[in-house]
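# Residue-level structure breakdown
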Amino acid sequence: MKNNETTATDVQLPTVCAPGEGLRVASGGIVYRFLATSAETNDKYSLFEATLRPGEGSPFHVHSREEEAFFVLDGEVAFYTETERIPARPGTFINASIGVVRGFRNETDRNARMLILVAPSGLEGMFLEDGTILTDPTQEAPRGGTECPVVAGQYGIEVMPYDLPPV
């Protein structure tokens, strides 16, 4: 069998995550709803819905293991590289490759939602380790959280020692 072929034992039934379903985890001030994880994708990719309240986001960081893609659903999110600010409104897609320094923040006065795709999968483990599982569907993430650099480092992510520009 060739490396890119699948066998009958590799095939999984479709994953269905209806509106409001999916494990919700608060990490770094953001609520992540897991739509597809390693277990459902044969370790190929993970897909999360992220809800960011005003002022919340992710600090500058760089991935050494996975590609990370973002698709803005609602609101506006400002994405940053080391040299650029990219305002992203609904329908905007951004891909950040391995080794590219990136960060993002909701700089508006209303919530923003986006899909985050990481490939290969496994990053959900960081959020589970660093965050809090939310059992109430209306529960929000604590304000002002930041990803723990130690936990992030265990997942091949380096949190940079400098901050996003002030709002």
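Look up: the structure comes first, before these words.
Figured I'd write up the structure that's included with this text. The numbering scheme is per chain: residues are counted from 1 as the chain's sequence reads. In keeping with the model being predicted, local features are shown solely for residues with a pLDDT of at least 70 and side-chain atom pairs are shown and tallied solely at 80 or more, while totals for entire chains, interfaces and linings include all residues. In computing side-chain values, all of the structure's heavy atoms are included and hydrogens and water are not.

Attention shifts here to the pairing of strand β2 (residues 30-36). Counting buried residues in β2 gives seven out of seven residues, a clear majority hidden from the surface. A strand pair is defined by DSSP finding two or more bridges across the two strands. Going along the chain from the N terminus, every DSSP run of H or I of four or more residues is numbered as a helix, and every run of E of two or more is numbered as a strand. Both strand β1 (residues 24-27) and β2 contribute to a ladder of four bridges, which runs antiparallel. Bridging across to β2, Val25 finds its partner in Tyr32. Taking the residues that link successive antiparallel strands as the turn, the β1-β2 hairpin has two residues, and the phi of Gly28 there is positive, at about 60°. Only protein chains enter the accessibility calculation, which uses a 1.4 Å probe; a residue is then buried when its area is under 20% of its type maximum, exposed when over 50%, and partly exposed in between.

Okay, the packing of aromatic side chains next. Between the rings of Phe, Tyr and Trp (Trp by its six-membered ring), a pair exists once the centres lie within 6.5 Å; its type follows the angle of the planes, with under 30 degrees stacked, over 60 edge-to-face, and the other angles tilted. Under the counting rule described, the total for this entry stands at nine aromatic pairs. Aromatic pair Phe79 and Phe104: ring centres 5.7 Å apart, planes at 45°, arrangement tilted. Of this pair, Phe79 sits in strand β6 (residues 77-80) while Phe104 sits in strand β9 (residues 102-105), placing them 25 residues apart in sequence. Accessibility expressed as a relative area gives 4% for Phe79, which makes it buried.

Our next topic: the sheet that holds β9. Strands belonging to one sheet form pairs held by backbone hydrogen bonds; the direction of such a pair is parallel or antiparallel. One open sheet holds the five strands; their spatial order is β7-β6-β9-β4-β12, and the pairing between them is antiparallel. Here the strands that pair on one side only, and so sit at the sheet edges, are β7 (85-88) and β12 (157-159). For this sheet, the mean inter-axis angle between neighbouring strands, taken without regard to orientation, is 25°. Strand direction decides the pairing type here: strand β4 (residues 57-63) and β12, joined by three bridges, are antiparallel. Residue pairing across strands places Val62 opposite Glu158, the latter belonging to β12. Structural elements are reduced to axes, namely lines fitted to C-alpha atoms, with helices fitted over the stretch in contact, and the angle between N-to-C directions of any two is expressed from 0 to 180 degrees.

Right, let's talk about a nonpolar patch on the surface for a bit. Together, Leu23, Leu128 and Ile133 line one region of the surface with nonpolar side chains, adding up to about 240 Å² of accessible area. Note on placement: Ile133 falls in strand β11 (residues 132-134). Every patch collects residues that have over 30% relative accessible area and no salt bridge, joining them within 9 Å if they carry like charges and within 5 Å if they are nonpolar side chains (Val, Leu, Ile, Met, Phe, Trp, Tyr). Note on areas: these come from Shrake-Rupley sampling with a 1.4 Å probe, and a residue is covered only by the protein chains present in the view. Salt bridges are defined as contacts in which a side-chain nitrogen from Lys or Arg sits within 4 Å of a carboxyl oxygen from Asp or Glu.

In this section: unusual backbone geometry. Of note, the bond from Ala119 into Pro120 is cis; its omega dihedral lies within 30 degrees of zero at 0°. Inspection of the secondary structure assignment puts Pro120 in the loop between β10 (112-119) and α1 (124-130). The phi angle at Asn42 is positive, at roughly 50°, despite the residue not being glycine. The residue Asn42 is located in the loop between β2 and β3 (46-52) in this model. The exposure class of Asn42 is partly exposed, given its relative accessible area of 35%. Even without being glycine, Asp43 reaches a positive phi, approximately 65°. Note on placement: Asp43 falls in the loop between β2 and β3.

With 26 residues, the main nonpolar core has Phe79 and Met114 as its most contacted residues. Elements that contribute at least two residues to this core include exactly β2, β3, β5 (67-74), β6, β8 (93-96), β10, α1 and α2 (149-154). In terms of residue count, β10 provides more of this core than any other element does, four residues in total. Setting aside anything within four residues of it in sequence, one finds Phe79 in contact with Phe70, Val72, Glu84, Arg85, Ile86, Ala88, Ile94, Gly103, Phe104 and Met114. Among buried residues, those of type Ala, Val, Leu, Ile, Met, Phe, Trp, Tyr and Cys that are joined through side-chain atoms within 4.5 Å constitute a nonpolar core. Counting seven residues, the second-largest nonpolar core is a separate cluster that includes Phe60, Val101, Met160 and Leu164. Two residues form a contact once any of their heavy atoms are found within 4.5 Å.

Another aspect to go through is the sheet that holds β11. On the basis of which strands lie adjacent, the open sheet formed by seven strands has the order β8-β5-β10-β3-β2-β1-β11 and antiparallel pairing. Of all strands in the sheet, those with a lone pairing partner are β8 and β11, marking the two edges. The mean inter-strand angle of the sheet, taken between neighbouring strand axes irrespective of direction, is 30°. The pairing of β5 with β8 spans four bridges and is antiparallel. Within β8, the position partnered with Ala69 by the bridge is Asn95.

Structural measurements only, silent on function.
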